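Breakdown of the fold
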Amino acid sequence: MKVTLLGTGSPLPDPNRAGPSTLVSSGSHNVVVDCGRACVMRLVGAGVMPPFVNLVLLTHLHSDHICDLNDLVTTRWITTPAAMASPLKIVGPVGTRRVVEGMLEMLALDEQYRLAHHEDLRTVGGMKIDVVELVAGDAHEHGDLVVRAFRTDHRPVEPTLGYRIEHDGKAAALAGDTIPCDELYDLCRDADVYVQTVLRDDLVKQLAQLLPGNAGRLTDILDYHSTVEQAGQTASRSGVKHLLLTHYVPAMQSGAEDEWRRVAAAHYSGPITLGPDLTYVEI
Ligand SMILES: [Zn+2]
Ligand SMILES: [Zn+2]
């Protein structure tokens with residue numbers, strides 16, 4: 001199983017980091033978890049063309065985690081050979097169907113234009129999405145891959161889900177945006193890799209001082225994300241084998257990786273990986 005950080009950014013735009021998105025590849029499966037800004041560009045950078053993505057998991061419906069879902073849907077549809085065509089499956093918390101229906105409405109004119117222009121797309125049909133809404137405790141089988149959904153705590157955003165992807169004897173825990181909670185510990189228990197979106201509360205507070213006009217909005221985000229320290233604590237408490245950090249708030253400066261790693265390492269003695277977009281871990 002290979003876990004690749006497609007985008008390590010956050011809602012704050014950064015020229016070097018795509019928005020939150022992670023690729024889990026195992027056997028013939030390519031699973032995209034969240035679809036932040038420029039995820040398709042990074043997906044191709046990871047060597048996976050959109051037709052080879054067969055499953056999308058959404059942890060929650062915050063814009064930074066879904067804003068390029070439409071690009072993945074459209075690009076997959078128009079680049080998949082007719083013989084390979086199959087509906088894309090999008091799995092997410094309750095609310096996902098509403099988001100997908102709204103997105104398809106946004107894309108309806110484009111769909112018409114392309115169907116009118118490409119004879120073979122007409123034989124395939126329009127964009128077809130298979131939406132599956134999960135609740136905490138569900139286990140969803142996708143071929144020989146199992147996706148288990150766990151409640152996370154990103155309130156007031158509700159519901160939110162973390163996913164445990166199990167395949168070929170390996171387990172990857174993808175927590176999404178959450179503060180530590182009992183269900184998060186269950187999600188991560190003995191996982192081969194645990195991917196956590198994080199912020200640095202010390203740096204966010206400094207940024208808030210530099211940007212007084214946005215200080216309130218910046219400090220608001222502190223109470224519903226895991227800090228780097230908390231990610232280390234969760235990894236340690238749950239016995240995970242490898243900690244992979246992403247969604248750096250504020251954007252991690254190039255060369256600051258060791259400093260960020262030390263913050264987590266004060267709480268977790270296992271391997272910690274972080275870095276630019278396309279950083280990956282093989283388990
Ligand atoms: Zn969020
Ligand atoms: Zn986020």
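As the structure is a prediction and not an experimental result, all values here were calculated from the model.

In this section: the overall build of the protein chain. Within the protein chain one finds 11 helices and 15 strands. Rg of the C-alpha trace for the protein chain: 19 Å, near the compact-globule value of 19 Å for 283 residues, within the 12% margin. Principal-axis analysis of the C-alpha atoms places the extent of the protein chain at approximately 60 × 45 × 35 Å. Looking at the protein chain as a whole, 42% of its 283 residues are labelled buried. Taking as baseline every contact in the protein chain between residues at least 6 positions apart, the subset at least 24 positions apart corresponds to 64%.

Among the seven residues that make up strand β11 (residues 193-199), seven are buried, leaving the element largely enclosed by the rest of the structure. Across the two faces of β11 the burial is the same, with Val193, Val195, Thr197 and Leu199 and Tyr194, Gln196 and Val198 all buried. Of the strand pairs in this sheet, strand β10 (residues 170-174) and β11 are connected by three bridges, and their pairing is parallel. Within β11, the position partnered with Leu174 by the bridge is Val195. Examined bridge by bridge, β11 and strand β13 (residues 243-249) share five bridges and lie parallel to one another. Bridge pairing links Thr197 to Thr246 in β13. As paired strands, β11 and strand β12 (residues 226-227) are joined by two bridges and run parallel to one another. Counted as the bridge partner of Leu199 is Thr227 from β12.

This part is about unusual backbone geometry. The omega torsion across Arg155 and Pro156 is 15 degrees, close enough to zero to call that bond cis. Residue Pro159 is bonded to the preceding Glu158 through a cis peptide linkage, with omega at -10 degrees. Mapped onto the secondary structure, Pro159 falls in the loop between β8 (145-151) and β9 (161-167). Here Asp190, not a glycine, exhibits a phi torsion of approximately 60 degrees, which is positive. By secondary structure assignment, the location of Asp190 is in the loop between α7 (182-188) and β11.

Of note, Leu12 is situated in the loop between β1 (2-7) and β2 (21-26). Expressed as a C-alpha distance, the spacing of Leu12 and Ala266, which sit 254 residues apart in the sequence, is 27 Å. Apart from the residues within four sequence positions on either side, Leu12 is in contact with Val249, Pro250 and Ala251.

As summarised here, the arrangement of the seven strands in space is β6-β5-β4-β3-β2-β1-β15, forming an open sheet in which the pairing is mixed. The open sheet has two edge strands, β6 (129-133) and β15 (280-282), and neither has a second partner. Looking at each pair of strands side by side, their axes are set apart by 20 degrees on average, direction ignored. As defined by bridge partners, β1 adjoins β15 across three bridges and the pair is classed as antiparallel. Within β15, the position partnered with Thr4 by the bridge is Tyr280.

This brings us to the packing of helix α10 (residues 228-238) against helix α11 (residues 257-265). For the pair α10 and α11, the least separation of the axes is 7 Å and the interaxial angle reads 50 degrees. Viewed along their axes, α10 and α11 adopt a mutual orientation that is oblique. The way α10 lies across α11 gives a crossing that is right-handed. Contacts between α10 and α11 involve Val228, Glu229, Ala231 and Gly232 from the former and Trp260, Val263, Ala264 and Ala265 from the latter. Residues belonging to the contact of α10 with α11 are distributed by class as follows: six nonpolar, one polar and one charged.

Parameters and conventions
Residues numbered from 1 in each chain as written. Chains lettered and ligands numbered in written order. Predicted model: local features only at pLDDT ≥ 70, side-chain atom pairs only at ≥ 80, totals over all residues. Helix = DSSP H or I, 4+ residues; strand = E, 2+ residues; numbered from the N terminus. Rg over C-alpha atoms; globule rule 2.2 N^0.38 Å. Buried ≥ 20, exposed ≤ 12 C-beta atoms within 10 Å, placed from the backbone. Contact = placed C-beta atoms within 7 Å. Pairing = 2+ DSSP bridges. Axes fitted to C-alpha atoms, helices over the stretch in contact; angles between N-to-C directions. Parallel < 35°, antiparallel > 145°, perpendicular 65-115°, else oblique. Left-handed = near helix turned anticlockwise from the far one by under 90°. Nonpolar A, V, L, I, M, F, W, Y, C, P; charged D, E, K, R; others polar.

Purely geometric stuff here, so don't read any function into it on its own.
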